[in-house]
Amino acid sequence: GKYHVQICTTTPCMLRDSDMVVKACKDNLGIGLGDTTTDKMFTLCEVECLGACVNAPMMQINDAIMRIYLKKMFTRSWTICEKAAPQLQEAGLTGSPASPLLDSPA
């Protein structure tokens, strides 16, 4: 898909509820791991370590890495990420770890 959603499921993230992040993504997108939405916008997969274990749980959409602070933050983070991904790419801000736009607590 246009947006490659990757969720870290290794031990540090798993211990900090990455399974909740996986479930929320599956529920929001209506697809399973390894699948792409019918509109070809999102592909969902699990990955082995995004290299930011201290901030677990972590997910990445395209090159933008974000951490999920609390369960209640997931919906807000997801909405921000959906809206911000195109702007991040256009502004050349992808590829920097934990983008402040996606990493800010409420």
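The residue numbers shown here count from 1 along each chain, following its written sequence. pLDDT decides what is reported in this predicted model: residues at 70 or higher carry local features, side-chain atom pairs at 80 or more are listed and counted, and totals for whole chains, interfaces and linings draw on all residues regardless. Here the side-chain values reflect all heavy atoms present in the structure, with hydrogen atoms and water set aside.

Enquirer: So what exactly am I meant to see when it comes to the overall build of the protein chain here?
Expert: Every helix listed is a DSSP run of H or I at least four residues long, and every strand listed is a run of E at least two residues long, numbered separately from the N terminus. The number of helices and strands found in the protein chain is four helices and four strands. Order of helices (α) and strands (β) in the protein chain, N terminus to C terminus: β-α-α-β-β-β-α-α. Residues classed as buried in the protein chain amount to 42% of the 106 residues present. Counted over contacts in the protein chain with a minimum sequence separation of 6, partners at least 24 positions apart contribute 60%. Total accessible area on the protein chain stands at roughly 5700 Å², and carbon and sulfur atoms take up 54% of it. Only protein chains enter the calculation, and the probe is 1.4 Å; a residue is then buried if its accessible area is under 20% of its type maximum, exposed if over 50%, and partly exposed in between. Residue contacts follow a heavy-atom distance rule, with two residues in contact if any of their heavy atoms lie within 4.5 Å. Areas reported as accessible are Shrake-Rupley estimates using a 1.4 Å probe. Residue values count occlusion only from the protein chains shown.

Enquirer: It is not clear to me how the pattern of salt bridges should be interpreted in this structure. Could you clarify?
Expert: Working definition: two side chains of opposite charge can pair if their charged atoms are close together. Criterion for a salt bridge: a side-chain nitrogen of Lys or Arg within 4 Å of a carboxyl oxygen of Asp or Glu. The final tally for this structure, using the stated rule, is one salt bridge. Close ionic contact of Lys23 with Asp27 constitutes a salt bridge, the shortest N to O distance being 2.6 Å. In this pair, Lys23 and Asp27 both sit in helix H2 (residues 18-29), four residues apart, roughly one turn of the helix. Across the pair, exposure class does not vary: Lys23 and Asp27 are exposed alike.

Enquirer: It is not clear to me how the sheet that holds strand E3 (residues 58-61) should be interpreted in this structure. Could you clarify?
Expert: By way of backbone hydrogen bonds, the strands of a sheet pair with one another, either parallel or antiparallel. Reading across from one edge, E2-E1-E3-E4 is the order of the four strands in this open sheet, with mixed pairing throughout. The sheet terminates laterally at strand E2 (42-47) and strand E4 (64-67), the two strands that pair on one side only. Neighbour-to-neighbour, the strand axes of the sheet open up by a mean angle of 20°, direction not taken into account. One requirement defines pairing of two strands: DSSP has to find at least two bridges between them. Of the strand pairs in this sheet, strand E1 (residues 3-8) and E2 are connected by six bridges, and their pairing is parallel. Axis lines are fitted through C-alpha atoms, for helices just across the contact stretch, and the angle between N-to-C directions can take any value from 0 to 180 degrees.

Enquirer: What should I look at first to understand the side chain of Thr43 in this one?
Expert: Mapped onto the elements, Thr43 comes out in strand E2. Dropping the residues within four chain positions of it, Thr43 is found in contact with Gly1, Tyr3, His4, Val5, Asp35 and Thr36.

Enquirer: What am I meant to see in the packing of aromatic side chains here?
Expert: Any two aromatic rings considered together are summarised by their centre-to-centre distance and by the angle between their planes. Aromatic pairing here means that ring centres of Phe, Tyr or Trp (its six-membered ring) are within 6.5 Å. Orientation follows from the plane angle: under 30 degrees is stacked, over 60 is edge-to-face, and everything else is tilted. Per the stated rule, a full pass over the model turns up one aromatic pair. Between Tyr3 and Phe42, the aromatic rings sit 5.4 Å apart at their centres with planes inclined by 35°, giving tilted as the arrangement. Here Phe42 lies in strand E2 and Tyr3 lies in strand E1, a separation of 39 residues in the sequence.

Enquirer: Honestly, the environment of Thr9 in this entry has me stumped. Any pointers?
Expert: For Thr9, the position within the fold is in the loop between E1 and helix H1 (11-15). Linking Thr9 and Ala56, residues 47 residues apart in sequence, is a C-alpha distance of 9.6 Å. With near-sequence residues (within four places) excluded, Thr9 lies in contact with Met14, Ser18, Val22, Glu46 and Val47. Pairs of N or O atoms within 3.5 Å make up the polar contacts considered here, provided that, within protein, one atom can donate a hydrogen while the other can accept it, and that residues adjacent in sequence are counted only when both atoms are side-chain atoms. Reaching out from Thr9, the side chain makes a polar contact with the side chain of Glu46 at a distance of 2.7 Å.

Enquirer: Teacher, can you tell me more about H2 here?
Expert: Because an α-helix completes one turn every 3.6 residues, residues spaced three or four positions apart along the sequence face the same direction. Given a helix with a known number of residues, its expected span is that number minus one, times 1.5 Å. Across its twelve residues, H2 extends 16 Å between first and last C-alpha, which sits within 8% of the 16 Å expected from 1.5 Å per residue. By the burial criterion, the buried members of H2 are Ser18, Met20, Val21, Val22, Ala24, Cys25 and Leu29. Just beyond H2, the residue with positive phi is Gly30, at close to 70°.

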